[in-house]
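Commentary on secondary and tertiary structure
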Amino acid sequence: MTANDQQPLLGARANPSVSAWWASRSRDALSLLTVLLLLGAGLGIWVYGTLPTSDPSTNPHEYALSTDNIRRHLGRLLDIAREHNNSRSVTTGHSASGSYVLDQLERFGNCDAHKQRFVSPVWTVTRTPTLRVREPYRVDYIHETDFELMRYGGRSANITRGRVAVVAHACTADTVGDVSGRVVVAYSTKGCSLFEAAFMLEQMGARAVVLVRSPQYKQPSRARVRIAEWKEGDPLMTIPVLSVTHSVGQVLAHASRVDIETHSQIDEVETFNILCVGRTGDPHNTIIVGAHLDSVRDGPGINDNGSGSSSVLEIQLTLARTKFEPHNRLVFAWWGAEEDGLLGSRHFAHTMAGNWTNKWSTREPRIEWAD
């Protein structure tokens, strides 16, 4: 056989056979069919899950809920944010958002609507903080990479050539020693909260607190240095509280003097929850439906949680429009200062438990809990 005779044979071996080609294409078609079936099943489940599940003649309220109305409420909240520097926070558009919700409830709802007032601490940073080692060598650290001013970590301060005191464990005064007038570099707060450690050091005369993170964390912390369930009258930090990475903490532990400059403020401002107390239903069984109405300072809060607030509002208005008579009493709530640490809902829990008097309110909503 000549070389020319062999060439077609070699070429035939290089191309797949018809059966192999068909097997390959069959596998592709089967895979595609499987994907399409799964997508179809998922879509069907989603559609079924969004449909009312009861008889429209006996439960018309389920069919009456309008997503168009929910979007309309969302649109109004977005407009309010745009009118208030693209925010609906406690100090920007939250008040106008509350006015909108109250207006809708008073015009179209069937409940007793109240503003429940309380106080929220609002922490604001006006300029980037600085941290620098001055002695025995000079090192300038990078904000957000090497160190961070922790949230609610005090008011503005300008500390130049502050003396350093290193504390291994910052939860008990017995392990701290004399820190008066010092910048305290603290390595451990095990056994107490960040606020408890920092506030104790402030009470002992420290000028600033620098909390060193564990080695496994590569970034400084932005946690709140504040009582979690803060209420009016509780203390707040006044001296700076910084977080640093473990490597920065090792350098600070051998420093004798540092510079710290912060530009921040804490204001205690009056804000509110909105409570819509149902007029009917069994008071022995009260159901609360709530969503927070405020946003972060740097955004309009349409997803978080304008969507929830708009849905709760439209549910209440739908029940009113369909003249729904609940078996249990319904209370609808729009919480304030959620983005500052769940303060609105916690205030509601405090006052309803009856263990704390809110002097900012001339009248708390009368929601009597049956025994």
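The sections below set out a description of the structure shown in this document. The shown structure was predicted, so the numbers you read here are calculated from the model rather than taken from an experiment. (Residues numbered from 1 in each chain as written. Predicted model: local features only at pLDDT ≥ 70, side-chain atom pairs only at ≥ 80, totals over all residues. Heavy atoms only, no water.)

Given a rise of 1.5 Å per residue, 17 residues ought to cover 24 Å, and the 24 Å separating the end C-alpha atoms of helix α4 (residues 67–83) matches this to within 8%. If you check which residues of α4 are buried, you get Ile70, His73, Leu74, Leu77, Ile80 and Ala81. Looking straight down α4, one finds that the buried residues subtend no more than 115° of arc, so they occupy a single side. More than 90 degrees from the buried face of α4, the exposed residues found are Arg71, Arg82 and Glu83. Where α4 is buried, its residues contact α5 (94–108) and α8 (302–321). Residue Ser66 occupies the N-cap position of α4, its side-chain oxygen lying 3.3 Å from the main-chain nitrogen of Asp68. Remark: Asn85 follows α4 within two positions and exhibits a positive phi of approximately 60°. (Helix = DSSP H or I, 4+ residues; strand = E, 2+ residues; numbered from the N terminus. Expected span 1.5 Å × (residues − 1). Buried < 20%, exposed > 50% of the residue type's maximum accessible area, 1.4 Å probe, protein only. Arc of directions from axis to C-beta. Contact = heavy atoms within 4.5 Å. Polar contact = N/O pair within 3.5 Å; in protein donor to acceptor, adjacent residues only side chain to side chain.)

Formed by 30 residues in total, the largest nonpolar core has its most connected members in Val210, Val244, Leu252 and Ile260. Of the residues forming this core, the biggest block, 6 residues, is contributed by strand β1 (residues 111–135). Dropping the residues within four chain positions of it, Ile260 is found in contact with Thr130, Leu131, Ala157, Asn158, Ile159, Val183, Ala208, Val210 and Leu242. In terms of nonpolar packing, the next biggest core, distinct from the first, is built from 22 residues, Ala198, Leu201, Val225 and Ile239 among them. (Core = buried A, V, L, I, M, F, W, Y, C linked by side-chain atoms within 4.5 Å.)

Within the secondary structure, Ser97 sits in helix α5. According to the relative accessible area criterion, Ser97 is buried, its value standing at 0%. At 3.3 Å, the side chain of Ser97 forms a polar contact with the side chain of Arg88. Polar contacts involving the side chain of Ser97 include one to the main-chain carbonyl oxygen of Gly93, which spans 2.9 Å. With residues up to four places along the chain from it excluded, the contact list for Ser97 reads Leu77, Ile80, Arg88 and Leu293.

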